[in-house]
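Chain by chain, the residues run as shown.
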Amino acid sequence: MPIERWQAMAHTDPMDRQAVNEDYERARRTFHQLLDSASKADLARPTRGTKWTNEQLLWHMLFGYMVVRALLVLVRVFGRLPRRVGKVFAHLLNAGTVPFDWINCVGPRGAVTVYGPRRMGAAFDHVLDALQRRLTAESEAELARGMHYPVRWDPFFQDYMTLADIYRYPTQHFDFHLRQLTLDGGS
């Protein structure tokens with residue numbers, strides 16, 4: 001679908017906040033169930049289709065929600081600037097895909113040594129609570145504000161995404177990676 005038509009749809013359809021909150025709560029329950037039921041051996045097991053362990057992938061899934069807080073700031077800034085500025089910014093970020101991919105790959109390896117399962121669960125709750133409060137406070141006009149994104153950074157990034165799309169993003173990311181876990185709850 002041409003971007004202009006997609007943008008028009010994104011700006012006219014009101015966001016179903018209840019559905020997003022329900023998805024967040026489903027992800028929360030799933031995340032805690034996975035952490036609570038996994039042994040040290042389970043967490044150390046390799047995942048499907050990644051170079052991470054289950055524990056590292058769980059952290060990456062948490063990070064998908066954490067990064068949304070930064071993305072919300074970017075939308076608020078670049079959504080007020082001329083579109084060409086956002087396109088240039090997205091182009092620059094796409095050019096930096098190789099260092100981004102490297103950091104994205106090694107980040108979870110270091111993060112799990114700091115976080116561990118208990119802190120990951122608490123961090124997941126904290127970030128979801130913050131996102132839900134912010135989503136509740138958003139106006140429809142703000143939810144329709146958007147910007148261009150680096151499509152090479154994540155398969156769920158579109159060329160142009162609204163604030164509403166960004167609130168939906170982390171659960172798409174979570175569900176995708178859930179299938180890669182080799183824990184009983186992820187299969």
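Colleague: What is the right way to read the overall build of the protein from this model?
Modeller: Helix and strand counts for the protein come out as eight helices and two strands. Ordering the α and β elements of the protein from the N terminus gives α-α-α-α-α-α-α-β-β-α. Residue burial in the protein is summarised as follows: out of 187 residues, 44% are buried. For the protein, contacts bridging at least 24 residues in sequence account for 77% of all contacts bridging at least 6. Just so you have it, the protein exposes about 9800 Å², and 59% of that area is on carbon and sulfur atoms.

Colleague: What exactly am I supposed to notice about the packing of aromatic side chains here?
Modeller: In total, this model carries 10 aromatic pairs according to the counting rule given. Consider the rings of Phe 31 and Phe 124, whose centres lie 4.2 Å apart with planes at 10°: the pair is stacked. Taken together, the residues Phe 31 in helix α2 (residues 17-37) and Phe 124 in helix α6 (residues 97-137) connect sequence positions 93 residues apart. Residue classification places Phe 31 among the buried residues on the basis of a relative accessible area of 0%. Ring geometry for Phe 78 versus Phe 89: centroids 4.3 Å apart, planes at 20°, classification stacked. Of the two residues, Phe 78 is situated in helix α4 (residues 54-78) and Phe 89 in helix α5 (residues 83-95); the sequence distance between them amounts to 11 residues. Among the aromatic residues, ring-to-ring pairing joins Tyr 24, Phe 31, Tyr 65, Phe 124 and Phe 174 into one connected group.

Colleague: Looking at this structure, how should I read α4?
Modeller: The periodicity of an α-helix, 3.6 residues per turn, causes residues three or four places apart in sequence to face the same way. Its 25 residues give α4 an end-to-end C-alpha distance of 35 Å, which sits within 8% of 36 Å, the value for a rise of 1.5 Å per residue. Along its length, α4 reaches its greatest deviation from straightness, about 30°, at Arg 69.

Colleague: I'm lost on the pattern of salt bridges in this one. Help?
Modeller: In this structure the tally under the stated criterion is 12 salt bridges. For Arg 28, the salt bridge identified is with Asp 125, shortest N-O distance 3.1 Å. With Arg 28 in helix α2 and Asp 125 in helix α6, the pair connects residues that are 97 residues apart, well separated along the chain. One connected set of salt bridges, linked through shared partners, spans Arg 76, Arg 80, Glu 138, Glu 142 and Arg 145.

Colleague: What is the right way to look at the packing of α2 against α4 in this model?
Modeller: Axis angle and axis distance: for two packed helices, these are the angle between their axes and the distance between the axes, and together they describe the pair. Between α2 and α4, the shortest axis-to-axis distance is 12 Å and the interhelical angle comes to 155°. What the angle tells us is that α2 and α4 run roughly antiparallel. Handedness of the crossing formed by α2 with α4: left-handed. In this structure, α2 contributes Tyr 24, Ala 27, Phe 31, Leu 34 and Leu 35 to the contact, and α4 contributes Leu 58, Leu 62 and Tyr 65. Along the lines of polarity and charge, the residues of the contact of α2 with α4 split into eight nonpolar, no polar and no charged.

Colleague: When you look at the nonpolar core in this model, what are you seeing that I'm missing?
Modeller: For soluble globular proteins, the rule of thumb is that nonpolar side chains tend to be buried together. Membership of the largest hydrophobic core comes to 44 residues, with the highest contact counts inside it found for Leu 58, Tyr 65 and Tyr 167. Breaking this core down by element, the ones donating at least two residues are α2, α4, α6 and α8 (163-178). Once you skip the residues sitting within four places of it in the chain, Tyr 65 turns out to touch Tyr 24, Ala 27, Phe 124, Val 127, Leu 128, Leu 131, Pro 170, Thr 171 and Phe 174.

Parameters and conventions
Residues numbered from 1 in each chain as written. Predicted model: local features only at pLDDT ≥ 70, side-chain atom pairs only at ≥ 80, totals over all residues. Heavy atoms only, no water. Helix = DSSP H or I, 4+ residues; strand = E, 2+ residues; numbered from the N terminus. Buried < 20%, exposed > 50% of the residue type's maximum accessible area, 1.4 Å probe, protein only. Contact = heavy atoms within 4.5 Å. Areas by Shrake-Rupley, 256 points an atom, 1.4 Å probe, with all protein chains shown as cover. Phe/Tyr/Trp six-rings, centres within 6.5 Å; stacked < 30°, edge-to-face > 60°. Expected span 1.5 Å × (residues − 1). Bend = angle between axes of the 7 residues up to and from the residue. Salt bridge = Lys/Arg side-chain N within 4 Å of Asp/Glu carboxyl O. Axes fitted to C-alpha atoms, helices over the stretch in contact; angles between N-to-C directions. Parallel < 35°, antiparallel > 145°, perpendicular 65-115°, else oblique. Left-handed = near helix turned anticlockwise from the far one by under 90°. Nonpolar A, V, L, I, M, F, W, Y, C, P; charged D, E, K, R; others polar. Core = buried A, V, L, I, M, F, W, Y, C linked by side-chain atoms within 4.5 Å.

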